[in-house]
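The chain contents come next:
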Amino acid sequence: MTDLYSTRRTTTKALNNSTDNQKWYVYGKKADFNSLAARYGISPVIARIMINRGIKEEEFGLFLNGTLNDLHDGRLMTDMELAADIIAEAIEEGRKIRVVGDYDIDGVCSTYILISAFKRLGADVSYDIPNRVKDGYGINTTIINRAHEDGIELIVTCDNGIAAVEACELAAQYGMMMVITDHHEVPDEYPIADAIVDPHQPGDQYPFQEICGAMVAFKLVRVLYENASVPLYEWREFLEFAAIATVGDIMTLRDENRIVVKEGLKALKETKNTGLKALMESCLLSPGKINAYAIGFILGPCLNAGGRLETAGIAMELFLSKDPVQAEKLADHLKELNDERKVLTEKYVAEAIRQVDDRFPEDDVKVVYLPECHESVAGIIAGRIKDHYNHPVIVFTDSESGLLKGSARSIEKYNIYEHLFEQRSLLDKFGGHKLAAGMSVKQENLDVLRKKLNENSGLTSEDFIEKVWIDVPLPFEYANLDLFEQLEKLEPFGQGNEKPVFAQKDVTVLSARSIPNYKNLVKFKLRDASYFTAGGILFSDADETLSALAKRDKIDILYYPKLDLFNGRKSIEIQIKSWK
């Protein structure tokens with residue numbers, strides 16, 4: 001096994017191709033893995049994985065052992081103390097305050113944190129969350145007018161506002177004060193506000209910019225509580241909401257984000273929030289087994305479903321509810337909405353694939369028009385189609401405005417924002433970044449846009465081949481309980497700290513069988529090149545997999561060791577991620 005831990009491997013090494021659309025590569029980063037392992041009490045495999053993730057040697061201690069005491073001081077953000085002073089003064093003078101959030105999971109969590117904290121400090125406070133279809137993203141003049149009609153004197157935004165130039169101008173005309181808290185990139189044109197707290201501001205001294213809106217709110221509340229001598233444990237009660245938002249908004253799980261999610265998951269397992277407990281029960285989740293996956297793929301989609309299909313106010317009411325009966329109804333409704341969203345997604349993903357295959361199979365940029373699709377799920381569908389083809393994708397739907405609304409998702413080799421910018425004369429509005437964007441276009445410009453994007457794509461067939469990175473080629477003998485326990489030190493997994501991938505070549509399939517009533521599960525008995533045998537599982541279409549395996553004596557696999565509990569006995573089985 002010494003070859004797996006060798007420091008001599010200095011370049012990436014391609015394995016044989018798998019499918020036509022995938023290549024496997026082994027990471028080739030150098031370090032003294034044995035020395036790092038000894039210093040931090042981990043195995044050389046864990047040290048190699050951490051180096052593969054881009055974690056510097058001097059960051060190992062924080063990554064492995066960071067605590068809440070290691071969080072950065074929110075006062076380092078520009079205007080943080082000013083914002084806290086403005087809010088505290090407004091509370092003390094009894095002014096009407098309104099928190100304006102966003103309709104996604106980050107916006108809802110941010111709004112809940114601020115509303116709850118302001119009420120704890122005695123504020124006369126309400127909230128407003130835009131309707132995705134009627135209001136669109138962020139604070140706008142409609143929301144400002146509503147606030148003015150309600151006699152609001154101070155608006156505090158969260159997870160939005162950094163681009164709200166027009167809204168801020170109107171607020172100033174009405175004599176309302178404005179505090180912006182946001183985490184998005186700062187545009188060229190700055191809004192005018194009484195305080196702006198966003199770590200992306202030029203010259204900001206905050207050491208870690210990659211935090212979500214709920215984290216900015218979380219930091220603001222700490223300053224408010226410290227200034228008001230509120231006990232620190234009360235601030236920590238919002239930790240689980242900062243963690244939910246960090247995972248749900250797909251923030252990189254590094255630096256303080258990792259600490260907040262790690263500690264927030266512990267808090268979530270013992271949550272006192274009636275609504276969160278009800279949602280976990282509705283989703284059949286045991287609080288003791290909540291992990292980042294459960295937030296990202298079960299709880300998070302439910303919390304987002306209200307904002308997609310009805311209103312994000314449902315999730316807010318859930319978080320604020322103290323009545324178990326009301327919380328159960330709200331949680332069940334969010335679960336029903338998410339189930340409806342999944343049905344819509346599957347329906348239109350299938351329709352989009354048919355459209356591409358029938359009409360535009362050769363296009364580099366897949367531009368799809370689904371007139372009857374609900375615009376709130378277009379982004380999800382675009383992501384699914386992008387994953388299916390490994391091509392850039394734009395999904396357009398009809399909207400109430402009469403324009404077509406589009407959501408784009410892209411691949412690493414194609415900066416979708418730059419290419420849309422080149423075609424801006426065809427667009428009524430657009431925005432986004434390298435890998436995702438949103439836009440509006442007139443119906444008559446749709447085919448022209450499709451043609452122009454494909455004429456100037458600059459893409460080659462090589463760009464559409466997915467690259468899969470292997471952390472360590474690992475014989476089954478070393479995928480044991482000790483390694484599994486070591487791998488737990490790397491959790492929680494997610495953006496920027498992906499679950500490790502192991503590989504083994506020339507694996508003999510001793511047996512493979514389907515399981516009754518489980519069409520997407522195959523059970524294996526495997527033997528690797530060192531004649532070590534192990535049980536394995538693969539989540540895939542059983543009939544197709546067994547048919548393909550019947551033609552092969554040996555396969556190469558990507559896998560992760562999975563804990564198997566049977567009759568109280570612990571063992572490791574091989575969970576196959578991909579095979580060729």
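Just so it is clear, the structure is predicted and the values come from calculations on it, not from any experiment.

**Looking at the nonpolar core**
Then, in step 1: One finds I97, L114, F118 and L303 to be the most contacted residues of the largest nonpolar core, which totals 88 residues.
Then, in step 2: A total of 10 residues in this core trace back to one element, the largest contributor, which is helix α8 (residues 213–227).
Then, in step 3: Not counting residues within four places of it along the chain, the set of residues in contact with L303 comprises I105, I244, L279, A315, L318, F319 and L334.
Then, in step 4: Residues A37, I42, I49 and L483 belong to the second largest nonpolar core, which totals 39 residues.

**What to know about the sheet that holds strand β9 (residues 393–398)**
Then, in step 1: The mixed open sheet is built from 5 strands, whose spatial order is β8-β9-β10-β12-β11. Taken across any chain shown, the strands that pair with only one partner, and hence form the sheet edges, are β8 (366–369) and β11 (427–432). Each strand axis lies, on average, 15 degrees off the axis of its neighbour in the sheet, ignoring direction.
Then, in step 2: When strand β10 (residues 404–409) meets strand β12 (residues 436–441), the two strands line up antiparallel, connected through 6 bridges. Note that in β12 the partner of R409 across the bridge is A436.
Then, in step 3: Sitting on the sheet, helix α18 (residues 446–455) touches β8, β9, β10, β11 and β12, and the angle it makes with β8 is about 165 degrees.

**With respect to the packing of aromatic side chains**
Then, in step 1: The tally for this structure, following the rule as stated, stands at 16 aromatic pairs.
Then, in step 2: When the ring of Y27 is compared with that of W469, the centres are 5.2 Å apart and the planes differ by 25 degrees; the resulting orientation is stacked. Pair noted here: Y27 is in the loop between β2 (22–26) and α1 (33–40) and W469 is in strand β13 (residues 466–470), with a separation of 442 residues, a long-range link.
Then, in step 3: Overall, the relative accessible area of 18% leaves Y27 in the buried class.
Then, in step 4: For the ring pair F493 and Y560, a centre distance of 6.4 Å and an interplane angle of 85 degrees mean the geometry is edge-to-face. With F493 in the loop between α19 (481–487) and β15 (502–515) and Y560 in strand β18 (residues 554–566), this pair connects stretches of sequence that are 67 residues apart. You'll find F493 and Y560 in the same group, each marked buried.
Then, in step 5: Each member of the aromatic cluster is reached from another via a ring pair, and the members are Y112, Y225, F238, F241 and F319.

**As for helix α14 (residues 313–320)**
Then, in step 1: Most of α14 sits inside the fold, with 6 of its 8 residues counted as buried.
Then, in step 2: Among all positions in α14, only G313, I314, A315, M316, L318 and F319 are buried.
Then, in step 3: The inward-facing, buried residues of α14 abut α5 (105–120), β4 (124–128), α10 (239–248), α12 (274–282), α13 (292–309) and α15 (324–359).

How each quantity is defined
- Residues numbered from 1 in each chain as written.
- Predicted model: local features only at pLDDT ≥ 70, side-chain atom pairs only at ≥ 80, totals over all residues.
- Heavy atoms only, no water.
- Core = buried A, V, L, I, M, F, W, Y, C linked by side-chain atoms within 4.5 Å.
- Buried < 20%, exposed > 50% of the residue type's maximum accessible area, 1.4 Å probe, protein only.
- Helix = DSSP H or I, 4+ residues; strand = E, 2+ residues; numbered from the N terminus.
- Contact = heavy atoms within 4.5 Å.
- Pairing = 2+ DSSP bridges.
- Axes fitted to C-alpha atoms, helices over the stretch in contact; angles between N-to-C directions.
- Phe/Tyr/Trp six-rings, centres within 6.5 Å; stacked < 30°, edge-to-face > 60°.

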